[in-house]
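# Structural characterization, general
Okay, here's what each chain looks like letter by letter:
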Amino acid sequence: MLARIFNNLESLICRTLLSGFVLLLFVQIVAREVFGYSFSWIEELSVYMFVWFVFFGASYAALKGAHNRVTFQFRFLPRRHVKWIEAFADLFWVAFNVTFIWLSYDFVFNKMNKFWKSQTLGIEMKWVYVVLPVAFTLMTIRILQVNYIKLVRGDDVSDPDQIDLDAIQAETPATRVQEA
Amino acid sequence: METEITTLLFGSFLLLLIIGAPITVALGVSSLVSFVVLGDNPIKFVQIAFTSVGSFPLMALPAFILAGALMEAAGISKRLINVAESFAGPFTGGISAATVMACLFFGAISGSGPATTAAVGMLMIPAMIRRGYDKGYASAVTASSGGLGIVIPPSIPMVIFGIAALGMVPPPEAVAEHGTFQSVSISKLFIAGFVPAFLIASSLLLMNFLLARKRGYSGNAEGWSMQTITTQLYKGFWSLMAPLVILGGIYTGFFTPTEAAIVAIAYTLFVGVVIYRELTWKSLFQSLEATTWLTGRVLLILFTATVFGRLLVENQIPAMIAESMLDLTSNIYVIWALIIFFLLFVGMFMETLATILILVPVMLPVAYSVGIDPIHFGVVMVCALGIGFQTPPLGENLFIASGISNISIEEISLRALPFAAINTITIFIIAFVPELSLWLPRLLGY
Amino acid sequence: KNFKIAVGDGAGGTQEALGKAFVAALVENTGGAHTGTLFLNGQLGSEQDTVNDAAMGLLDFSILAINNVTPFSPSVGVLTLPYMMLSLEDAETLTQGPIGQELVENTLRDSGVRILGWAYSGFRVLTNSKKPVTTVADLQDLVVRVPKNEIMIATYKAWGVNPTPMAWSETFAGLQTGVVDGQDNPYITVYSMKFDEVQSHVTNLRYLFSIEPLIVSEAVFQGLSEEEQQAVLDAGQAATEFSAQYLREQEEQIKNVLVERGMQISDPADGEQEFIDLATSEVWPQFYDSIGGVEKLNEALAAIGRDPVATN
Ligand code: NA
Ligand code: NA
């Protein structure tokens, strides 16, 4: 149960945020076009929700192994070698993230101006920026998790672009006629 | 110092790409290393991470991705393609021509090339095979037309181009020489892509006609069925309204692109739930989820590409590149040719959105300095990268078409070559005749 | 050293003029030892970003709108209250006198950046595409674009209208296509953005006088020798004086060009009294706390010879 929630954490957060800001923007359009009224806080709030959505979404993409790599140079290498090379490349990713987590923690809690508040919401910008250390920490865990699945457990975490394709094929039996 | 940093930055970037690091990591790590070598404090990354992503116009990206996914789930896409198919008539290459048209129709609601290929290919590739078309040819037509999805608005690559180009000022020397340049906006780009998209579609139709005649693909025996067309038009009424809602809102200036996408989402939910009744909770969740990882993946690249671009700007590297290019030649046609061939080459290996984010800071200053209009440049760039979808080794449309037809990527890309060739010729025409892109936005008062 | 100077606006505005004047004076005062490069159009990040960057010593100088300093040093907000200044002379008195000195010190204390000089951009005049506006009543059926700024939003609300916050990058298109009817900005901006192509009426409102400080990173400033510090301060002062002169000359010229291009310029009725009364009575009290109390407001009012507001 806990494991299921943990593995769907970003997905849950992001679906909520995405529905939330889409709804807010819709309310703003209706209010403006129908009632000639504008909520001054909607634009700012929706942009902040969007930023949170993006960085948790990036973590989710890491969990799905969806971050684009250039792979044509590996075409003639067996898959089992490629995943070690990619794991080596991911070390740079982890190093980058750890650096960034430290930098963003330092920025948010030490360096950032303490008066800095959002203009229309009045909340301290610190609590908006805090998404950076949090989401990058989560993303780093996901990178390690995916490599664990690939290298230790030996399962494949395939690009979700490919999964889409399987779904398409499943829906169109007509395409399979010849190799049936 | 500048050349050393350029070498370090691009060198480590390419090295990381070659060992298979994600593009965003290659950009981020090479920038980080360069920052440290230059003695700059990388804490700058933190604010760039937030502000590069936190902009209102950028919200058009997830909104259009979500709108596209929902239209699929709501059954809007399917009906749109059925309408196009019903027009496949008794003439040579009729059904494959209908495929091109279907991509154009579908492109008007979707902002993505692979999504266009998948949606159209799913229905049209089997249909073509049933009528005796060669499987390789059927796949090639679809993969080649899928690129229309990003040229005809709405277009996710154009959103990204607009964001990347928005903050870039024309260099003062360029303004002194060529006068002021118009400002970049996503709405303008969307409108500018309209005529070029029809031009590319026409060129694909022409090539299809020639090839179909050679291969002896005649039309169907029954001729046009007025009844089928009417039925499909009737069934597809609400689907055909979708592009009108999106484009009409933007073209009349009623909505910003972000708002148009939001309205499209609302419209799709209404049609999917109330009229077609095909939208389920499960497909709604799936659409939200796909939007999440697609957006997260692109915009993480936006963050690192912005840092990368900032390094270039602070060290005035784009100006140097522009200068050395102008030393080579200042003939605008030669420059265009270099730009297009370079984009075609990069498009073979690289993902489209990342390419735009990385190349705009480098190439737009070159374009400005020879007097190329930024909107015109954006249209040509997106058109040229659209071909990348159909060229190996990384050709997203090829993968999808190959998945549907079970034909090897090599064979499809070979069959797609004539289409790529005529497409390239069309892009040269679009590049050499700026009015093709700039006339419509001006007419509509942008 | 070649300092990096971030500039929020593009070429042709008062920010760039101030920056150029500052660089010229800096080169002269230091005998060519120091100079600066302007990075226009927010190439080094948004205006608010540059404050943080300068505070951390990552950036040398920045020229930005005052309302992007306020979030970091709230007491500066006294300069952004509606109808605080009623003329360029008021603005000069406030920024260059003892009040200005106090704000410089507060900003240094709060946010680690030092204000060196000021660009004066003039009053934000209201433009619209529909009709001449001279009274508060005329405003009622107009959709006006404002930046995401609480004081400006509050002011329009005090006049009984709901302004539409819209990103600057979308504003021109928004005016052109009628998503919004009007906006307010200084004459120089109206002219450089070619708003006359999409707007036909101007109202000479004076509710906000745009001032744009030049800030230096205190870390960078303290890294200079005493002589160099003085040279930088003097260059800031010279640039400020240049800016006031520049505004006087430019604004007159621009008004004439705009009229030639068919814009109709009008003054608010009754010396703007209705606008002033509504704004000051409703908006000022909302911001007493953030600027450090009503006394701060009264000090500023006294400095320019206006009546204080009642304290309780
Ligand atoms: Na499209
Ligand atoms: Na390709």
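Let me begin by describing the structure that accompanies this report.

Reading guide: rules and limits
Residues numbered from 1 in each chain as written. Chains lettered and ligands numbered in written order. Predicted model: local features only at pLDDT ≥ 70, side-chain atom pairs only at ≥ 80, totals over all residues. Heavy atoms only, no water. Pairing = 2+ DSSP bridges. Helix = DSSP H or I, 4+ residues; strand = E, 2+ residues; numbered from the N terminus. Contact = heavy atoms within 4.5 Å. Axes fitted to C-alpha atoms, helices over the stretch in contact; angles between N-to-C directions. Buried area = accessible area lost by both parts, 1.4 Å probe. Salt bridge = Lys/Arg side-chain N within 4 Å of Asp/Glu carboxyl O. Polar contact = N/O pair within 3.5 Å; in protein donor to acceptor, adjacent residues only side chain to side chain. Nonpolar A, V, L, I, M, F, W, Y, C, P; charged D, E, K, R; others polar. Buried < 20%, exposed > 50% of the residue type's maximum accessible area, 1.4 Å probe, protein only. Phe/Tyr/Trp six-rings, centres within 6.5 Å; stacked < 30°, edge-to-face > 60°. Lys NZ or Arg CZ within 6 Å of the ring centre and 35° of its normal. Donors = N, O, S within 2.8 Å, 3.2 Å for Na, K, Ca; no water.

## Description of the sheet that holds strand β7 (residues 164-165) of chain C
Residue and element names in this part refer to chain C. A sheet is described by the order of its strands in space; here 6 strands give the open sequence β7-β6-β8-β5-β9-β11, paired in mixed fashion. Each edge of the sheet is formed by a strand with only one pairing partner; in this case those strands are β7 and β11 (264-266). Where helix α6 (residues 150-158) meets the sheet, its contacts fall on β5 (125-128), β6 (144-146), β7 and β8 (182-185), and the angle it forms with β6 comes to roughly 155°.

## Here's the deal with the interface of chain C and chain B
Taken together, the contact between chain C and chain B spans 22 residues of the former and 21 residues of the latter. Of the roughly 1,900 Å² buried at the junction of chain C and chain B (both faces included), carbon and sulfur atoms supply 54%. Its largest share of buried area at the contact with chain B, chain C owes to Gln 43, Leu 58 and Glu 170 of chain C, together 26% of the area lost on that side. For the pair chain C and chain B, the number of links is 1 salt bridge. Residue Lys 4 of chain C pairs with Glu 314 of chain B through a salt bridge whose shortest N-O separation is 3.4 Å. Remark: the boundary between chain C and chain B carries 7 residue pairs in polar contact (both at pLDDT 80 or more). Those elements that place two or more of their residues in the side of chain C that touches chain B are β2 (35-39), α2 (47-55) and α7 (168-177) of chain C. In terms of residues, the side of chain C that touches chain B owes the most to one element, α7 of chain C, which gives 5 residues. Taken together, the residues of the side of chain C that touches chain B break down into 7 nonpolar, 10 polar and 5 charged.

## Concerning the pattern of salt bridges
Counting across every chain of the model gives 28 salt bridges over all chains. A salt bridge links Glu 102 of chain C to Lys 296 of chain C, with the nearest nitrogen and oxygen atoms 2.8 Å apart. Taken as a pair, Glu 102 of chain C in helix α4 (residues 98-111) and Lys 296 of chain C in helix α13 (residues 294-303) lie far apart in primary sequence, 194 residues in all. Put simply, Arg 261 of chain C and Asp 196 of chain C hold a salt bridge, and the shortest N to O gap is 3.3 Å. Of this pair, Arg 261 of chain C sits in the loop between α10 (226-260) and β11 while Asp 196 of chain C sits in the loop between α8 (187-192) and β9 (201-203); the two residues are 65 residues apart in sequence, bridging distant segments of the chain. Here the salt bridges do not stand alone but share partners, grouping Asp 134, Arg 215, Glu 411 and Arg 415 of chain B into one network.

## Focus: the pairing of strand β4 (residues 113-123) of chain C
All names here are of chain C. Extensive coverage of β4 is indicated by the burial of 11 of its 11 residues. Two elements, β4 and strand β10 (residues 209-217), share 9 bridges in a ladder whose sense is antiparallel. Bridge assignment links Arg 114 to a residue of β10, and that residue is Val 216.

## So, the packing of aromatic side chains
Where two aromatic rings form a pair, the distance of their centres and the angle of their planes describe that pair. What the rule picks out here adds up to 48 aromatic pairs over all chains. Judged by centre distance (6.5 Å) and plane angle (75°), the rings of Phe 55 of chain A and Phe 303 of chain B are edge-to-face. Placement of the pair is Phe 55 of chain A in helix α3 (residues 42-63) and Phe 303 of chain B in helix α17 (residues 281-314), with the two residues belonging to separate chains. In this pair, the class of Phe 55 of chain A matches that of Phe 303 of chain B, namely buried. Consider the rings of Phe 100 of chain A and Phe 136 of chain A, whose centres lie 4.4 Å apart with planes at 45°: the pair is tilted. One end of the pair, Phe 100 of chain A, is in helix α4 (residues 79-111); the other, Phe 136 of chain A, is in helix α6 (residues 131-152), with 36 residues separating them in the sequence. Neither Phe 100 of chain A nor Phe 136 of chain A differs from the other in exposure class; each is buried. The structure contains a cluster of three or more aromatic residues connected by ring pairs, namely Phe 55, Phe 96, Phe 100 and Phe 136 of chain A together with Phe 35, Phe 45 and Phe 303 of chain B. Sitting above the plane of the Phe 6 of chain A ring, Arg 142 of chain A keeps its charged end 4.4 Å from the centroid. Over the ring of Tyr 276 of chain B we find Arg 79 of chain B, and its NZ or CZ is 3.5 Å from the ring centre.

## Digging into the sheet that holds β2 of chain C
Residues and elements named next belong to chain C. Here we have 5 strands laid out as an open sheet, ordered β2-β1-β3-β10-β4, and mixed in their pairing. Because the sheet does not close on itself, it has two edges, and the strands there are β2 and β4. On average, adjacent strands in this sheet sit at an angle of 20° to one another, irrespective of strand direction. Sheet topology places strand β1 (residues 2-7) next to strand β3 (residues 61-63); 3 bridges connect them, and they run parallel. Counted as the bridge partner of Ile 5 is Phe 61 from β3. Here α10 sits on the sheet in contact with β3, β4 and β10, set at roughly 5° to β4.

## A word on the coordination of the sodium ion (ligand 1)
Residue and element names in this part refer to chain B. Around the sodium ion (ligand 1), the donor atoms from the protein are Gly 107 (O), Ser 110 (O), Gly 149 (O), Ile 152 (O) and Pro 154 (O), and they sit 2.2 to 2.4 Å away. Mapped onto the polypeptide sequence, the residues donating to the sodium ion (ligand 1) form the spacing pattern G-x2-S-x38-G-x2-I-x1-P. Of the two residues, Gly 107 sits in helix α6 (residues 94-107) while Gly 149 sits in helix α9 (residues 148-151), which places them 42 residues apart along the sequence. With respect to class, Gly 107 is no different from Gly 149; both count as buried.

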